[in-house]
Amino acid sequence: MKWAIEIEDLTVAYQQKPVLWDIDTAIPVGQMTAIVGPNGAGKSTLLKAVLGIVRPVAGRIRVLGKPFQPHERRVAYVPQRAELDWEFPATVLDVALMGTYGRLGWLRRPGRTERAIAQAALERVGLTELANRPIGQLSGGQQQRVLLARALAQEADIYLLDEPFQGVDAPTEAALLDVLRWLKAQDKTVVIVHHDLSTVAEYFDWVVLLNVQCIACGPISEAFTPENLRRTYGGRTVVAVEEPKAL
Amino acid sequence: MDFTLRVVMTGAALLGLISGALGTLAVLRRQGLIGDAVSHAALPGIVLAFLISGSKAPVVLQLGAAVSGTLALLWVQTILRTTRIRFDAALGMALAVFFGIGVVLLSLAQHTAGAAQAGLDRFLFGQAATLLRADLMVMAIVGVTTFFLVVALWKEVKLVLFDADYARALGLPVRRLEMLLIVLLVVAIVIGLQTVGVVLMSAVLIAPGAAARQWSKRYGQVFLLAGFFGLLSGATGAWLSSLAPRLPTGPIIVLLLSFLATLSLFVAPERGLLWQYRKRKKAARNAQQAVLTVLRELERRHPHEARPHPAASIQTLLGPEVPVNAILRQLERHGQVQHEPGRGWRLADRNPEATHESRS
C-alpha cells in the first residue's frame, strides 16, 4: 500500500488540553477516506495539523513520503463553509483564482493561464454561470462548490475537505460527490471529515475513526464495524474540548 | 485660498486617503476595534514623549504614540495567549487602561509644565490648523510607501483577509503578513492623530471602509472608494473647520464621514436598506400573487362546489420557503381571501355572480 499521509505519535493540545492524543494512522493514495468521530473528536484539527495550520505538540507527519512543505502545493484544503466571512467583497471567480496563488508566487498577478484554470475548475463544479456573482449572494451549496473549485484550481495531489456535505441539499451533495469521484479516478487522494454515518460505506474506501485518539482505521470492511463505532461514539465519555485556534 | 489653508486641506485629505484605504484592511477582517484601541492607547505615549523630551515636534510625539499603541496591542496578544478572555474584551481593557493613564498624564503635564503643554490637548480632538508642510512630507512618504506595499502584496493580503487558514496551507507567511497589516494600521493612526485626535481616529479608519463596502462587490474597488471617501471628508472637514476659530477638525471630519456611511447604508444599490426594502416588498407581492394563482387554480379544478382548500395544498405547490400561512392571513386582511376555520381558504367572493360567469 502506498501512503498519501502518514501520521506518527501526533499530539495537538490547546491550553494544556489534548485535542488529539498520540495519533498513529496512515491514509492511502488514490482512495476516498472518511474521518469520522463525535463533536470535539479533533477531526478538523487533524486536517489542520496535516496542513501545518495548527502546530502539534509532538509527532511526525509525512505527505507522499516526505515532511510536508506547504509551498509545494500538493495538498489542497477545503475549509468549513461557516469559518469564512461570505460578506467579503469578492466574486465567485475571485475565490476560484485564489487556488492559483500558490503557483504564482510573490509579486505575480493571475494572468490568462490562471484564469483558464479557475474557469475550468468552476465548470467542473457547475458554477460557470455564476463566475461574476458576489459570493455574498450564494446559497450554502454554491458556497461549498466555490470552495471546492478553489481547491481544484490548486491542481494538488491530495484534497482535504472539512465537512463539505454539511447543510447542503441532496443535488449539491451528489454533484460534489461526482467531482470527488472524478478526482479519485485521476488517482488523487481525497480525505473528508464526514458526519453522516449512513453514507460512509457507500461513499468511501477507507475510514479513520477518531475520538481524540485514533480508535480504528483501515478499509471500510475491516474498520467500519459496529464495535469500533461504539468505541468511538459511546463506551467511554470523552470530555469535549474546544478546537485550537490557528497559530 | 491662502497657503495655510491649502496645507491644512492637503494634509487632511492625505490623512483621509491613507486611513480610509488602510482602515479597510481592518474593516474587511471585522477587526475595526483594533483601530479604536490603538488610537486611544496612543495618548499616554504622546504625553510621555513630551514629558521626557520636552519637545513638541510632531515626529517625537508621533513616535511616542506609535510606541504606546504597539505596547497596547502586544498586551492584548499576551492576554489572549495566557487567559480565556475574548479578543473584544481584551481590546476594551487595553483601550480603557491606556487611555485612562493618558488622561491622567495629560492633566499632570498641565500642572507641572504649565502652558508648554498647550499643544498637547489638541491630540484629544485634533486640530488640523497645526499641520505644517513638514507634516505633509511625512504623510506623502508614508502614503506612497504603503501604496506600493499594498500593491506589491495585493493577492497575498487579500487571501489573508479572506481565509488565513488557506493562506497558511499554501505556505504564505501569514503571521508576518498579519503583523505587517497591524503595522500599517498603526502608521495610519499615528499620522492621523494630530489632525483628528485619539478619541475619534477610529471613525476615520472604519467609516470609509464601511461606506465603500456598501457600493461594491470587488475588493479593489472597495479600497479605492474608501480612500476617496476619506480624502473627500478630510479636505472638506478641514475647510469647514477653518471657517470658525478654534473649531476642532476631528469631529467635523468624523461627522462628514458618518453622514457618508449612513447615506451608503441606506441608498447603495443591492446592499442598501432602501434597495433591500424594495426587494422584500416586491418578493412579498410576487408571493401573494403566487398564492392567489394557486388558489384560483384549485377553485378552477373544483368548479361546482365552492369549498375551501387547505393551506397545506398551496404550500406543497410553492415549496417550503414561501410563508404561505402568513401570506394568506395578509390577503385575508386585504379582503382577497376568506378563511373557514378547520376547512381552509377560498378566494373572497365579493361578486359571486361575476366569478361564476367568468368560469362558464
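Owing to the predicted nature of the structure, the values given are computational and were not obtained by experimental measurement.

Trainee: I'd like to hear about helix α2 (residues 32-53) of chain B, residue by residue, with values.
Mentor: Residue and element names in this part refer to chain B. Relative to the 32 Å expected for 22 residues at 1.5 Å per residue, α2 spans 32 Å between its end C-alpha atoms, a close match to the ideal helical length. Approximately 25° is the largest bend angle found in α2, and it occurs at Leu 43, with the proline Pro 44 only one to four residues beyond. With 17 of 22 residues buried, α2 lies mostly within the body of the structure. Among the residues trailing α2, Gly 54 stands out with phi positive, at a value near 70°.

Trainee: Outline the pairing of strand β2 (residues 17-28) of chain A, supporting the account with residue identities and numerical values.
Mentor: Residues and elements named next belong to chain A. As judged from the eight bridges shared by strand β1 (residues 3-14) and β2, these two strands associate in the antiparallel manner. Paired with Tyr 14 across the strands is Lys 17, a residue of β2. The loop that links β1 with its antiparallel partner β2 comprises two residues; one of these, Gln 15, has a positive phi angle of about 50°.

Trainee: Please set out the interface of chain A and chain B residue by residue, giving values where relevant.
Mentor: Every contact between the two is made by 42 residues of chain A and, on the other side, 34 residues of chain B. Three residues, Phe88(A), Pro89(A) and Trp106(A), lead the burial of chain A against chain B; their summed loss comes to 21% of the area buried on that side. Our enumeration of links across chain A and chain B arrives at three salt bridges. Residue Arg150(A) pairs with Asp163(B) through a salt bridge whose shortest N-O separation is 2.7 Å. Linking chain A with chain B are 10 residue pairs in polar contact (both at pLDDT 80 or more). Elements with a contribution of two residues or more to the side of chain A that touches chain B: α1 (43-51), α2 (92-98) and α3 (101-104) of chain A. Partitioning the side of chain A that touches chain B into residue classes produces 21 nonpolar, 10 polar and 11 charged.

Trainee: Mind laying out the packing of helix α5 (residues 140-153) of chain A against helix α6 (residues 170-185) of chain A, listing which residues take part and the relevant values?
Mentor: Two packed helices can be described by the angle between their axes and the distance between those axes. Residue and element names in this part refer to chain A. Where α5 contacts α6, the two axes come as close as 10 Å, and the packing angle between them is 10°. When the axis of α5 is compared with that of α6, the two are roughly parallel. For the pair α5 and α6, contact is made by Gly 141, Gln 144, Arg 145, Leu 148 and Leu 152 and by Pro 171, Thr 172, Ala 175, Leu 176, Val 179, Leu 180, Trp 182 and Leu 183, respectively. Among the residues forming the contact of α5 with α6, the class breakdown is nine nonpolar, three polar and one charged.

Trainee: Outline the confidence of the model for chain A, listing residues and values.
Mentor: Here chain A averages 86 in pLDDT, while 94% of its residues score no lower than 70. For residues 236-243 of chain A, every residue scores under 50 in pLDDT, and the model assigns this stretch 14 contacts once sequence neighbours within four places are set aside.

Trainee: Quick rundown of unusual backbone geometry? Include the residues and the values.
Mentor: All names here are of chain A. The backbone of Asp 22 shows a phi angle near 55°, a positive value even though the residue is not glycine. As for its placement among the helices and strands, Asp 22 is situated in strand β2. Among the residues examined, Asp 22 registers a relative accessible area of 37% and is labelled partly exposed. If you check the backbone angles, Leu 64 has positive phi at about 50° while not being a glycine.

Trainee: Residues and numbers for helix α10 (residues 201-215) of chain B, please.
Mentor: All names here are of chain B. Among the 15 residues in α10, 11 count as buried, and that is most of the element. Taken residue by residue, α10 has Met 201, Ser 202, Val 204, Leu 205, Ala 207, Pro 208, Gly 209, Ala 211, Ala 212, Arg 213 and Gln 214 as its buried positions. Taken together, the buried residues of α10 touch α1 (3-28), α2, α9 (174-196), α11 (219-243) and α12 (249-267).

Trainee: Report on the domain arrangement of chain B, specifying residues and quantitative values.
Mentor: When cut into domains, chain B gives domain 1 (3-269) and domain 2 (274-359). Using C-alpha coordinates to define each centre, domain 1 of chain B is positioned 56 Å away from domain 2 of chain B.

Trainee: I'd like a rundown of the packing of aromatic side chains, residues and numbers included.
Mentor: Applying the stated criterion across every chain, the model contains 12 aromatic pairs over all chains. Measuring from ring centre to ring centre gives 5.7 Å for Phe88(A) and Tyr219(B), while their planes differ by 25°; the resulting arrangement is stacked. Of this pair, Phe88(A) sits in the loop between β6 (75-78) and α2 while Tyr219(B) is found in helix α11, placing the two residues in two different chains. Taken individually, Phe88(A) and Tyr219(B) each receive the classification buried, so the pair is uniform in this respect. Their ring planes at 50° and their centres at 6.3 Å tell us that Trp75(B) and Phe98(B) sit as a pair that is tilted. Taken as a pair, Trp75(B) in helix α3 (residues 58-82) and Phe98(B) in helix α4 (residues 87-113) lie far apart in primary sequence, 23 residues in all.

Trainee: Pulling in residues and values, what's your account of the pairing of strand β7 (residues 158-162) of chain A?
Mentor: Residues and elements named next belong to chain A. With five of five residues buried, β7 lies mostly within the body of the structure. In β7, alternate side chains face the same way, and those of Ile 158, Leu 160 and Asp 162 on one face and Tyr 159 and Leu 161 on the other are all buried. The sheet contact formed by β6 and β7 spans four bridges and is parallel. In the sheet register, Val 78 faces β7, and the bridge partner there is Leu 161. With five bridges connecting them, β7 and strand β8 (residues 189-193) associate as parallel partners. Among the inter-strand pairings, Leu 160 is bridged to a residue of β8, identified as Val 191.

Definitions and limits used
Residues numbered from 1 in each chain as written. Chains lettered and ligands numbered in written order. Predicted model: local features only at pLDDT ≥ 70, side-chain atom pairs only at ≥ 80, totals over all residues. Heavy atoms only, no water. Helix = DSSP H or I, 4+ residues; strand = E, 2+ residues; numbered from the N terminus. Expected span 1.5 Å × (residues − 1). Bend = angle between axes of the 7 residues up to and from the residue. Buried < 20%, exposed > 50% of the residue type's maximum accessible area, 1.4 Å probe, protein only. Pairing = 2+ DSSP bridges. Contact = heavy atoms within 4.5 Å. Buried area = accessible area lost by both parts, 1.4 Å probe. Salt bridge = Lys/Arg side-chain N within 4 Å of Asp/Glu carboxyl O. Polar contact = N/O pair within 3.5 Å; in protein donor to acceptor, adjacent residues only side chain to side chain. Nonpolar A, V, L, I, M, F, W, Y, C, P; charged D, E, K, R; others polar. Axes fitted to C-alpha atoms, helices over the stretch in contact; angles between N-to-C directions. Parallel < 35°, antiparallel > 145°, perpendicular 65-115°, else oblique. pLDDT = per-residue confidence, 0-100. Domains from an automatic or database assignment. Phe/Tyr/Trp six-rings, centres within 6.5 Å; stacked < 30°, edge-to-face > 60°.

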